[in-house]
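What follows is each chain in one-letter form.
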Amino acid sequence: MSIFEELESEVRSYSRGWPVVFDRAQGSWLHDEDGKPYLDFFAGAGALNYGHNNPKLKAALIDYIQRDGVTHALDMFTVAKRDFLETFKEKILGPRELDYKVVFPGPGGANAVEAALKLARKVTGKESVINFTNAFHGMTLGALSVTGNSMKRGGAGIPLVHATPMPYDRYFDGAMPDFMYFEKLLEDSGSGLNEPAAVIVEGVQGEGGINAARLDWLRGLSELCERHHILLILDDVQMGCGRTGAFFSFEDAGIKPDMVCLSKSISGYGIPMALTLIKPELDVWEPGEHNGTFRGISPAFVTATEALRTYWSDDELEKSTKAKGERIAAAFKDIVEAYPGASLLAKGRGLARGIEFADGDLAGAVCKAAFERGLLMETSGPNGEVMKLLPPLTLTDDELTQGLSIIDESIATVLNK
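Residues numbered from 1 in each chain as written. Predicted model: local features only at pLDDT ≥ 70, side-chain atom pairs only at ≥ 80, totals over all residues. Heavy atoms only, no water.

Quick notes on empty space enclosed by the protein
Part 1: All told, the structure shown has one cavity of 30 Å³ or more when counted by the stated rule.
Part 2: Gly106, Pro107, Pro272, Met273, Ala274, Phe294, Arg295, Gly296, Ile297, Ala300 and Phe301 are the residues that line the largest cavity.
Part 3: Considering only residue class, the lining of the largest cavity consists of eight nonpolar, two polar and one charged. (1 Å grid on protein atoms, 1.4 Å probe; cavity = no way out; pocket = protein on both sides within 12 Å on 5 of 7 lines; lining within 4 Å. Points joined across faces, edges and corners; volume = space filled by probe spheres on them. Nonpolar A, V, L, I, M, F, W, Y, C, P; charged D, E, K, R; others polar.)

So, in structure tokens, the structure goes:
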């Protein structure tokens, strides 16, 4: 592994927790170059909801490449883009009665967020944006300005401005009514709060610590934005594409945000792709006003289309995800009750789950113990105190059982020391 130490930047992170060289991957498994298998409860940080090298998606991709389908097309019209847009409308937007135009902002989630923030300011003529405690929206300067983590913010090297944080759901553990502080500032002309162009929020905060907002809280936020004529941006980069069960994390709340940011698993295969969905009346861009070289990676359109046709023509995946999520919730409840003095807290929704430990050292030790037993997990939260699970949605019941057994054993090893 010396070449990595010699040439790759010190900024690398995941490889420090998993110091092996991976070579092959299929379904819910990664294999290192020596052939050792690892059960993957990380899934590309949520970019591989349908698993590694999904056979149906792979077949569609290989066929497209072999017939010399266009790979790079910026925002030109292509057959691959048309197939994706028609399928996205048929399988996702239409059944949910969602009326959105589609912006292709670039290859990653931060691009989707940047486009949403930029458009919100253009539409409203206002600069300020409201974000939430423990939010994570990306590492570019605009997205970082609405991110909560102080370490990540510190890497910017300049002041991050034009954003004001508000408390996320349960931030005060129910000690005050939802949005009391936020609404008071909005209504008080002496508060000093600049009138916001938009509010940006995650339905479930992944990097922030698997904090799942209550559906009533999301509904209340939507109603507040409507009352005060503030645009609502829903960042579904990590929690969209079925991670919480429904395709969008906000569906069960019955709300319709003004903009939605998607990336990670929208291509279905781990190929870079992002979307910013916007209500039609917000589509005030001038031609070329927001552009980029990698807005139209056609192989991503191909795998995205196949993923939608395969997994979103019925509700089987949604039901399966919710059922597996409940299995994890029950197992985590048993773990929490087994260690009453450890101050553990089970968190999450769907197949975004976690256990919060007393500190980051304990959570990190559990993930290390799991890695030694052949399971990949990461930590999240402001101090890395949450053991975080994002397994592929397509994992089998046996794989889930195996993973939960490793987690149980790893926690016992750490907490019983």
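After that view of the structure, there is still more to cover.
Things to note about the packing of helix H12 (residues 316-338) against helix H14 (residues 397-415)
Part 1: For the pair H12 and H14, the least separation of the axes is 11 Å and the interaxial angle reads 20°. Here H12 is positioned roughly parallel relative to H14, judged by the angle of their axes. As for how H12 packs across H14, the hand of that crossing is right-handed. For the pair H12 and H14, the contacting residues are Lys324, Arg327, Ile328, Ala331, Phe332 and Ile335 in the first and Asp397, Leu400, Thr401, Leu404, Ile407, Asp408 and Ile411 in the second.
Part 2: Residue composition of the contact of H12 with H14, by class: eight nonpolar, one polar and four charged. (Axes fitted to C-alpha atoms, helices over the stretch in contact; angles between N-to-C directions. Helix = DSSP H or I, 4+ residues; strand = E, 2+ residues; numbered from the N terminus. Parallel < 35°, antiparallel > 145°, perpendicular 65-115°, else oblique. Left-handed = near helix turned anticlockwise from the far one by under 90°. Contact = heavy atoms within 4.5 Å.)

Observations concerning the side chain of Glu385
Part 1: Position of Glu385 relative to the elements: it lies in the loop between strand E16 (378-380) and strand E17 (386-389).
Part 2: Salt bridges are absent for the buried Glu385, whose nearest opposite-charge side chain, Lys347, sits at 6.0 Å.
Part 3: A polar contact of 2.8 Å, which involves the side chain of Glu385, links it to the backbone nitrogen of Asn383.
Part 4: Excluding residues within four positions of it along the chain, Glu385 makes contact with Ile355, Glu356, Phe357, Asp359, Gly360, Ala363 and Ser380. (Buried < 20%, exposed > 50% of the residue type's maximum accessible area, 1.4 Å probe, protein only. Lys, Arg positive; Asp, Glu negative; His and termini not counted. Salt bridge = Lys/Arg side-chain N within 4 Å of Asp/Glu carboxyl O. Polar contact = N/O pair within 3.5 Å; in protein donor to acceptor, adjacent residues only side chain to side chain.)

Let's talk about the nonpolar core
Part 1: Core analysis: the largest hydrophobic core is formed by 84 residues, its most contacted members being Phe88, Leu221, Phe247, Met377, Met387 and Ile407.
Part 2: The leading source of residues in this core is helix H11 (residues 298-311), at seven residues.
Part 3: Those residues in contact with Leu221, other than ones at most four positions away along the chain, are Phe132, Phe179, Phe182, Val199, Val201 and Leu232.
Part 4: Formed by 21 residues, the second largest nonpolar core is a distinct cluster that contains Val113, Val129, Ile200 and Ile233. (Core = buried A, V, L, I, M, F, W, Y, C linked by side-chain atoms within 4.5 Å.)

With respect to the packing of aromatic side chains
Part 1: On inspection of all chains with the given rule, the structure shows 19 aromatic pairs.
Part 2: Judged by centre distance (4.8 Å) and plane angle (55°), the ring pair of Tyr14 and Phe42 falls under tilted. Taken together, the residues span a long stretch of sequence, with Tyr14 in helix H2 (residues 14-17) and Phe42 in the loop between strand E3 (37-40) and helix H3 (43-46) at a distance of 28 residues.
Part 3: Taking relative accessible area as the criterion, Tyr14 reaches 37% and is therefore assigned partly exposed.
Part 4: Here Phe42 falls in the buried class, since its relative accessible area comes to 11%.
Part 5: Ring geometry for Tyr38 against Phe371: centres 5.2 Å apart, planes inclined by 10°, an arrangement best described as stacked. With a gap of 333 residues between them, Tyr38 in strand E3 and Phe371 in helix H13 (residues 360-372) connect regions that are remote in the sequence.
Part 6: By relative accessible area, which is 10% here, Phe371 ends up buried. (Phe/Tyr/Trp six-rings, centres within 6.5 Å; stacked < 30°, edge-to-face > 60°.)

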